[in-house]
Amino acid sequence: MEISSQTCELCNNPGGAILWQSADCRIIRVDDPNYPGFCRVIWGEHVREMTDLAPTAQVYLMQVVFAVETVVRQLFSPHKINLASFGNMVPHVHWHIIPRWLDDRHFPEPVWGSVQRQGLVQRPAVSNEELAQALSRVLAKLE
């Protein structure tokens, strides 16, 4: 089944709380209490693959992804960051930036894998406003 921009979930919905937005992409926070700091960078235009973007757009998008990784590392101090771009379910260019801890719910599995342990571990409390301000400071260097 081909998904067009008319039926694409990421074309028609923000995808989460918008923390930052440019003319080309947006950063949203995923509402997952097990993974605070889980963000997505979503390309604004309906594009299926990274190689469908112009080279300058590819570089810009990855600079945004790396900026999000930098901020998530600073604010949440995870053991590891997972970067993922699948698009199997929603074929629209977007990147997942997922903080991981040795004691998180799925570690060492991916967050979409089998649950390894139950319970919610307390992590640094960072509001959307704090996260958005930190992102804006880092991303201002791209403009």
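Within every chain, residues take consecutive numbers counted from 1 along the sequence as written. The predicted origin of the model limits local features to residues at a pLDDT of at least 70 and limits the giving and counting of side-chain atom pairs to 80 or more, whereas totals for whole chains, interfaces and linings rest on all residues. Neither water nor hydrogens contribute to the side-chain values; these are computed over all heavy atoms in the structure.

(A) Representation of the nonpolar core. Definition used in this section: a nonpolar core is a set of buried Ala, Val, Leu, Ile, Met, Phe, Trp, Tyr and Cys residues joined via side-chain atoms within 4.5 Å. Per-residue accessibility, obtained with a 1.4 Å probe over protein chains only, is compared with the maximum for each type, and a residue is labelled buried under 20%, exposed over 50%, and partly exposed between these values. In this structure, Ile27, Val41 and Trp43 are the most contacted members of the largest nonpolar core, which totals 31 residues. Helix and strand assignments follow DSSP, with helices taken as H or I runs no shorter than four residues and strands as E runs no shorter than two, numbered in order from the N terminus. The set of elements that each furnish at least two residues to this core consists of β1 (17-21), β2 (25-29), β3 (39-43), α2 (55-76), β5 (94-100) and α3 (128-139). Tallying contributions element by element places α2 first for this core, with 11 residues. The contact criterion used is simple: two residues touch if any of their non-hydrogen atoms lie within 4.5 Å. Not counting chain neighbours up to four residues away, the residues in contact with Val41 comprise Cys25, Arg26, Ile27, Leu61, Val64, Val65, Val68, His94, Trp95 and Ile97. In terms of nonpolar packing, the next biggest core, distinct from the first, is built from 10 residues, Val30, Phe38, Ile98 and Val111 among them.

(B) Quick look at the environment of Phe107. Note on placement: Phe107 falls in the loop between β5 and α3. Relative accessible area serves as the criterion here: at 21%, Phe107 is assigned to the partly exposed category. Sequence-wise, Phe107 and Arg117 are 10 residues apart; in three dimensions their C-alpha atoms are separated by 8.5 Å. Look past the residues within four positions of Phe107 in its chain and what remains in contact with it is His79, Arg100, Trp101, Leu102, Gln116 and Arg117.

(C) Structural detail: the packing of aromatic side chains. In this analysis, rings of Phe, Tyr and Trp, with Trp reduced to its six-membered ring, are considered paired at centre separations within 6.5 Å, and the interplanar angle assigns stacked below 30 degrees, edge-to-face beyond 60, and tilted for intermediate values. Evaluation of the coordinates by the stated rule reveals one aromatic pair. Geometrically, the ring pair formed by Phe86 and Trp112 is edge-to-face, given 5.4 Å between the ring centres and 85° between the ring planes. Taken as a pair, Phe86 in the loop between β4 (80-84) and β5 and Trp112 in the loop between β5 and α3 lie far apart in primary sequence, 26 residues in all. Overall, Trp112 belongs to the partly exposed group, its relative accessible area being 48%.

(D) Local environment of α3. In a helix, the anticipated span is given by 1.5 Å times the number of residues less one. A rise of 1.5 Å per residue sets the reference length of α3, with its 12 residues, at 16 Å; its end C-alpha atoms lie 16 Å apart and thus fit the reference within 8%. For α3, the complete set of buried residues consists of Leu131, Ala132, Ala134, Leu135 and Leu139. For α3, the angular spread of the buried residues around the axis is 165°, confining them to a single face. When the buried face of α3 is taken as reference, the exposed residues oriented beyond 90 degrees from it are Glu129, Gln133 and Arg137. This arc is built from the directions going out from the helix axis to the C-beta atoms.

(E) Structural context of the sheet that holds β4. Two strands are said to pair when DSSP picks up at least two bridges between them. As summarised here, the arrangement of the five strands in space is β1-β2-β3-β5-β4, forming an open sheet in which the pairing is antiparallel. Of all strands in the sheet, those with a lone pairing partner are β1 and β4, marking the two edges. The mean inter-strand angle of the sheet, taken between neighbouring strand axes irrespective of direction, is 20°. Relative to β3, β2 runs antiparallel, the two being bridged by five bridges. Axis geometry follows a simple rule: fit a line to the C-alpha atoms, using only the stretch in contact for helices, then measure angles between N-to-C directions, giving values from 0 to 180 degrees.

(F) Main features of unusual backbone geometry. Of the consecutive residues Phe107 and Pro108, the connecting peptide bond is found in the cis state with omega at 10°. For Pro108, the location among the structural elements is in the loop between β5 and α3.

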